[in-house]
Amino acid sequence: MSALPGSFEGTAVTGLDSSPVEPAAPDLPLLTAQHEAEAAEIMARYPQARSALLPMLHLVQSVQGYVSPEGVGFCARLLGLTKAEVGAVATFYTMYKRHPTGRHLVSVCTNTLCAVLGGQRIYDAVSADLGVGHDQTAADGSVTLEHAECLAACDYAPVVTVDYEFYDQQDVDSARELVAALRRGEKPPPTRGAPLTDFRGVSRQLAGLSQHADAAAERAAVDAPSAGVPTLVGVRLAAERGEAAPPIGRAPDPGADAGTPAPEAPSSGGTGAERAGDATVAAATNPAEKAGAEQVHTDAPEPAGRRPAERGAEGTDTPPTGSGAGTNSSVEREV
Ligand code: FES
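This is a predicted model, so every value here is computed, not measured.

Moving on to the overall build of the protein. The number of helices and strands found in the protein is 13 helices and 7 strands. Across the 335 residues that make up the protein, the buried fraction comes to 30%. Across the protein, contacts joining residues at least 24 apart in sequence account for 57% of those joining residues at least 6 apart.

Okay, here's the thing in structure tokens:
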């Protein structure tokens, strides 16, 4: 781990590391009374002020491009925390940067699915173009590069994000052109989601503050479509097959008359688990819920091709017992 650069307090800022201390950049924008007012607005959203720490760290990044030692002190003072407590949080999450970030943050997913589809090749090519490695900023200050773990868009692998906006199904050439455009000062539209801003702009959004000139521009950004066809394939298939997640237990209706017994669900008799399953199916209020309830009913037939398994009282599957019990035989046989 490295220390928060610019810290004249060294390890006293975080208590987590002892790497060399770098001086703060002379042109680093200061945190002003206006930012204190915005921090107060953020803090007012929470019953406990300290809960505002994460968005306040984004606020600091929106001003200074990283979590500076001044930013750590700013959050600690306003939230009544120690600098060590703030530093511990700021150094835990990779989204909080520990040295000044370029105008844009380019994240290349090199996790499993993206990697097998070319994510590592993309990272290597972009890294060579920029002349920097992970968590480093190009000499012109345009781009900070990082390799990222899964960016939660595996259905569009390999994926690159710029300031957390998605550029789906990239290849080496398209990613190199994307980064070249960013360095020319352009803002290529993301594949989906909100328009591209820059790292400080998106940090302001993550702090829960608007960066848009008016309400219409803000609405347009927030309402931008983000789910695409691959994202929704599972939903479409489930709808076609009449499948649904099991219903979630409902809270009692406070308006219901406690003295009036609930209508009895039709029951076929049987065990307590079967009667409970009958009642859940009967209580379903729409076809999707009904399908879900029927799926977890203890009487539900095993899907085709499924290995026979015993069901416990809660409807969960348990491995077959008998000759293989105690020998891990069912697993070992499959292996
Ligand atoms: S593995 Fe790259 S987005 Fe999930």
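Right, let's get into unusual backbone geometry. The omega torsion across Ala 157 and Pro 158 is -5 degrees, close enough to zero to call that bond cis. Within the element layout of this structure, Pro 158 appears in the loop between strand 3 (143-148) and strand 4 (160-162). The phi angle at Asp 135 is positive, at roughly 65 degrees, despite the residue not being glycine. Secondary-structure assignment places Asp 135 in the loop between helix 6 (119-130) and strand 2 (136-137). The backbone of Tyr 164 shows a phi angle near 70 degrees, a positive value even though the residue is not glycine. With respect to the element layout, Tyr 164 can be found in the loop between strand 4 and strand 5 (165-167). Overall, Tyr 164 belongs to the partly exposed group, with 19 C-beta atoms counted inside 10 Å.

What follows deals with helix 2 (residues 53-64). Along its 12 residues, helix 2 runs 16 Å from first to last C-alpha, staying within 8% of the 16 Å computed at 1.5 Å per residue. With respect to burial, helix 2 is a largely interior element, 11 of its 12 residues being buried. Residues of helix 2 that are buried: Leu 53, Pro 55, Met 56, Leu 57, His 58, Leu 59, Val 60, Gln 61, Ser 62, Val 63 and Gln 64. Looking at the buried residues of helix 2, the elements they touch are helix 1 (33-43), helix 3 (69-79), helix 4 (83-90) and helix 8 (199-206). Looking one or two residues past helix 2, Gly 65 carries a phi angle of roughly 80 degrees, positive in sign.

This prediction gives the protein a mean pLDDT of 79; 68% of its residues lie at or above 70. Here residues 1-21 is a poorly scored stretch, pLDDT under 50, and it has 50 contacts once near neighbours within four places are set aside; other chains count. Note on residues 302-335: pLDDT under 50 across the span, and 20 contacts to partners over four residues away in sequence or across chains.

A separate point is helix 7 (residues 172-183). Taking 1.5 Å per residue as the helical rise, helix 7 with its 12 residues ought to reach 16 Å, and the 17 Å between its terminal C-alpha atoms agrees with that figure. Residues of helix 7 that are buried include every one of Ala 175, Leu 178, Val 179 and Leu 182, and no others. One side of helix 7 carries all its buried residues, which in axial view fall inside an arc of 90 degrees. Of the exposed residues in helix 7, the ones pointing more than 90 degrees away from its buried face are Asp 173 and Glu 177. Each element contacted by the buried residues of helix 7 is listed here: strand 1 (104-109), helix 6, strand 3, strand 4 and strand 5. Residue Gly 185 follows helix 7 closely and has a positive phi angle near 90 degrees.

Let us now look at the packing of helix 1 against helix 2. One can describe the packing of helix 1 onto helix 2 by two numbers: an axis separation of 10 Å at closest approach and a directional angle of 155 degrees. Here helix 1 is positioned roughly antiparallel relative to helix 2, judged by the angle of their axes. Helix 2 is crossed by helix 1, and the crossing has right-handed handedness. Counting all contacts with helix 1, which are made through His 35, Glu 38, Ala 39 and Ile 42, the residues of helix 2 involved are Pro 55, Met 56, Leu 59 and Val 63. Its residues placed into classes, the contact of helix 1 with helix 2 shows 6 nonpolar, 1 polar and 1 charged.

So, about the sheet that holds strand 5. The pairing of strands in a sheet comes from backbone hydrogen bonds and takes either a parallel or an antiparallel form. Spatially, 2-3-1-4-5 is the arrangement adopted by the 5 strands of the open sheet, whose pairing is mixed. Two strands close off the open sheet at either side, each with one partner strand: strand 2 and strand 5. Looking at chain direction, strand 2 and strand 3 are connected through 2 bridges and run antiparallel. Counted as the bridge partner of Gln 136 is Leu 145 from strand 3. Packed on one face of the sheet, helix 6 meets strand 1, strand 3 and strand 4 and runs near 145 degrees to strand 1.

What follows concerns the nonpolar core. Counting residues in each nonpolar core, the largest one holds 28 residues, and the members touching the most others are Val 106, Val 108, Val 126, Val 143, Val 159, Val 160 and Val 179. Within the residue set of this core, elements represented by two or more residues are strand 1, helix 6, strand 3, strand 4, strand 5, helix 7 and helix 8. For Val 106, the contacting residues outside a window of four places in its chain are Val 126, Val 143, Leu 145, Val 160, Val 162 and Val 179. Counting residues in hydrophobic clusters, the runner-up holds 19 residues, among them Met 56, Cys 75, Tyr 96 and Ala 207.

Conventions used here
- Residues numbered from 1 in each chain as written.
- Predicted model: local features only at pLDDT ≥ 70, side-chain atom pairs only at ≥ 80, totals over all residues.
- Helix = DSSP H or I, 4+ residues; strand = E, 2+ residues; numbered from the N terminus.
- Buried ≥ 20, exposed ≤ 12 C-beta atoms within 10 Å, placed from the backbone.
- Contact = placed C-beta atoms within 7 Å.
- Expected span 1.5 Å × (residues − 1).
- pLDDT = per-residue confidence, 0-100.
- Arc of directions from axis to C-beta.
- Axes fitted to C-alpha atoms, helices over the stretch in contact; angles between N-to-C directions.
- Parallel < 35°, antiparallel > 145°, perpendicular 65-115°, else oblique.
- Left-handed = near helix turned anticlockwise from the far one by under 90°.
- Nonpolar A, V, L, I, M, F, W, Y, C, P; charged D, E, K, R; others polar.
- Pairing = 2+ DSSP bridges.
- Core = buried A, V, L, I, M, F, W, Y, C linked by C-beta atoms within 7 Å.

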